[in-house]
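# Observations on the model geometry
Each chain, written out:
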Amino acid sequence: MLQLMHQACFCLALTWYKMISVCLANGHPSITASIMAPSDLHIVKNDFGVILSWNSNITEEMETYSVKYVLMCKFDTAKEILFYDFFQERLQENKRIIRLGLHSGFYAKVKTQLLSKETEDVIKESNWTEFVYKAPPVYIQNLSCIIYNLFNFNCTWDIKTEAPEDAQYFLSYRYSGKEFQCQLYLINAKHKNIGCHMKEVYFNSSNPIRLNINVRVRSNSSENRSYYKRFTPRRLEKLNPPINVSLSLEDRSIKINWKPPPTIGSAEKNCFTYQVKITDLKPVDVSEEEYVHPVRDPEKQYIVQVRVKKIKCISNKIWSEWSEPIIINNNYKNNKMNTWQMLILVLFLSTIFTGGLLKFLCRRYKCIDTVVMPIPQPSERIRTWLELYSVQRKEYGLGPQPPDIPAIRDLSTPVKDFTQQKYISEIMLIPQEKNQHKRIN
């Protein structure tokens, strides 16, 4: 019984296999020989870079299929490319234009595929054929371009150390079938062009730009060469800050609103992403055109700024500048200012009151008159006595007047006759000579 079941299963499987084989044979004739890999890869230079082509080795048996080629290319200097360091794609022709840009060569490999014309399924494919291309030396690196303020276009580049000393660098770009030369060059200390600035440049986001940097060497004309770069304008656009930024206080929270800035690319709402920065807090990513921030301290002052870039409709890593700062809850600052102003006013009024009180008291008790009162002159009696004393000392030879007893005399007052004074007789002066011979018993 078991043996009969095995035989039945085998017959059923064989029947299905024959049916599938017949179907495949009716749709796609079987290929008995293996597919030869592409051969004779070679390079032809053109204005954009090089054209890589190869021999497909297609036979009449393969013509019943859809023949395509898978090309994979990887550049030698991946760090110098702006966006991609390799690519892989399926081609219908046996050639491909490869834009070198600032690369010094590339590695490529290609293989042939046979696909069903109805379903595009891969029926059979060949082995890979590899190819290495070394381009002439590249004298510039770190090429970077940016579009800002909608109509301004800047590019900068660095010059490699192995570049010829007498080489000069010129930039132009082709857009919509027209060639535009650089308007203003940025020059380094060695008088080499290392950048270009152009204004009033109008770009359409859908049309690509072909950038051309031409290197001219004066000593050797054969060294003149051009480097090309192709890019999409909206990938290089630096947006302006968001516009119409406003705020309002609602239920212990701050509601911030804004609008996206003008752009050369798509202005759809979902294309933009924003960052909101409040005072010293970490910026918050926002996808809408508003943001609500809770207020924990109603007395605190907040400063709000917003910036924008595109990451959804197209990948762009360039943020705009921050918008102008807007102050939230400015009453806190005003209250601090009012406090200081009140303090200064109180001090000023106190000083005026104290000065007025001192002035009143000084007038009331004549303290100022006492301070500024002049020194009184000696009376007439004292002056007369001092004059008489001085004259008698000179008459009796008592020597000069001691320096510590100055003679005070008012020349404006006439000296009166000493004999007319009643108090002269009361003053008895004995000469020194007579007193020397008198003895005391």
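All values derive from a computational prediction rather than experimental measurement.

If you tally the helices and strands in the chain, you get 5 helices and 24 strands. The buried share of the chain, taken over its 441 residues, is 31%. The long-range share in the chain, meaning contacts at least 24 apart out of those at least 6 apart in sequence, stands at 62%.

This structure, assessed with the given rule, holds 3 disulfides. Each sulfur in the disulfide pair Cys145 and Cys155 lies 2.0 Å from the other. An S-S torsion of about 110 degrees defines the bridge between Cys145 and Cys155 as right-handed. Highlighted residues: Cys145 in strand β9 (residues 140-148) and Cys155 in strand β10 (residues 152-159), separated in sequence by 10 residues.

Further remarks concern the sheet that holds strand β21 (residues 284-286). Pairing in this open sheet of 4 strands is antiparallel, and the strands run β21-β20-β23-β24 from one edge to the other. Looking along the sheet, the strands with just one partner apiece sit at the ends: β21 and β24 (326-328). Between one strand axis and the next, the sheet turns by 35 degrees as a mean value, whatever way the strands run. Bridge analysis of strand β20 (residues 272-278) against β21 gives 3 bridges, and the strand direction is antiparallel. Residue pairing across strands places Tyr274 opposite Val286, the latter belonging to β21.

Time to look at the sheet that holds β10. The sheet built from 5 strands is open, its strands ordered β13-β14-β10-β9-β17 with mixed pairing. Since the sheet does not close on itself, it has two edges, and those belong to β13 (184-187) and β17 (237-238), each with one partner. Looking at chain direction, β9 and β10 are connected through 7 bridges and run antiparallel. Looking across to β10, one finds that Tyr148 is bridged to Asn152.

For the rest of this paragraph, the subject is the packing of aromatic side chains. On inspection of all chains with the given rule, the structure shows 10 aromatic pairs. Between Trp54 and Tyr69, the aromatic rings sit 5.8 Å apart at their centres with planes inclined by 75 degrees, giving edge-to-face as the arrangement. Taken together, the positions of Trp54 in strand β2 (residues 49-55) and Tyr69 in strand β3 (residues 66-75) put the pair 15 residues apart, joining distant regions of the chain. Taken individually, Trp54 and Tyr69 each receive the classification buried, so the pair is uniform in this respect. Both rings, one in Phe106 and one in Tyr133, keep their centres 5.4 Å apart while their planes meet at 40 degrees; by these two values the pair is tilted. Taken together, the residues Phe106 in strand β6 (residues 105-115) and Tyr133 in strand β8 (residues 129-134) connect sequence positions 27 residues apart.

Moving on to unusual backbone geometry. Positioned with a positive phi, Asp40 is a non-glycine residue whose angle comes to about 55 degrees. Phi is positive for Glu120, which is not a glycine, with a value near 60 degrees. Relative to the helices and strands, Glu120 is located in the loop between β6 and β7 (122-125). Classification of Glu120 by relative accessible area gives partly exposed; the value is 36%.

Scanning the entire structure with this criterion turns up 8 salt bridges. Across the pair Glu288 and Lys269 runs a salt bridge, and its minimum N-O distance is 3.6 Å. Highlighted residues: Glu288 in the loop between β21 and β22 (290-294) and Lys269 in the loop between β19 (253-259) and β20, separated in sequence by 19 residues. Assessed through its relative accessible area of 48%, Lys269 is described here as partly exposed.

Take the side chain of Lys310 next. Mapped onto the fold, Lys310 is located in strand β23 (residues 302-310). Although buried, Lys310 forms no salt bridge, and the nearest oppositely charged side chain, Glu237, lies 4.3 Å from it. Only 2.9 Å separates the side chain of Lys310 from the side chain of Thr263, close enough to count as a polar contact. Apart from the residues lying within four places of it in its own chain, the contact partners of Lys310 are Glu237, Leu239, Thr263, Gly265, Ser266, Cys271, Phe272, Ser315 and Asn316.

What follows covers the nonpolar core. Within the largest apolar cluster, 31 residues are counted, with the highest numbers of intra-cluster contacts made by Phe153, Tyr173, Phe203 and Leu211. Of all the secondary structure elements, the ones that give two or more residues to this core are β9, β10, β11 (167-175), β14 (193-198), β15 (209-217) and β16 (225-231). Judged by nonpolar contacts, the second largest core, of 23 residues, contains Leu41, Tyr65, Cys73 and Ala135.

We now examine the confidence of the model for the chain. For the chain, the average pLDDT comes to 75, and 70% of its residues sit at 70 or higher. Low confidence marks residues 1-8, where pLDDT is under 50. Its contacts with residues over four positions away, or in another chain, come to 0 contacts. Ignoring residues within four places in sequence, the model shows residues 403-441, a span with pLDDT below 50, making 26 contacts including any to other chains.

About the criteria used
Residues numbered from 1 in each chain as written. Predicted model: local features only at pLDDT ≥ 70, side-chain atom pairs only at ≥ 80, totals over all residues. Heavy atoms only, no water. Helix = DSSP H or I, 4+ residues; strand = E, 2+ residues; numbered from the N terminus. Buried < 20%, exposed > 50% of the residue type's maximum accessible area, 1.4 Å probe, protein only. Contact = heavy atoms within 4.5 Å. Disulfide = S-S within 2.5 Å. Pairing = 2+ DSSP bridges. Axes fitted to C-alpha atoms, helices over the stretch in contact; angles between N-to-C directions. Phe/Tyr/Trp six-rings, centres within 6.5 Å; stacked < 30°, edge-to-face > 60°. Salt bridge = Lys/Arg side-chain N within 4 Å of Asp/Glu carboxyl O. Lys, Arg positive; Asp, Glu negative; His and termini not counted. Polar contact = N/O pair within 3.5 Å; in protein donor to acceptor, adjacent residues only side chain to side chain. Core = buried A, V, L, I, M, F, W, Y, C linked by side-chain atoms within 4.5 Å. pLDDT = per-residue confidence, 0-100.

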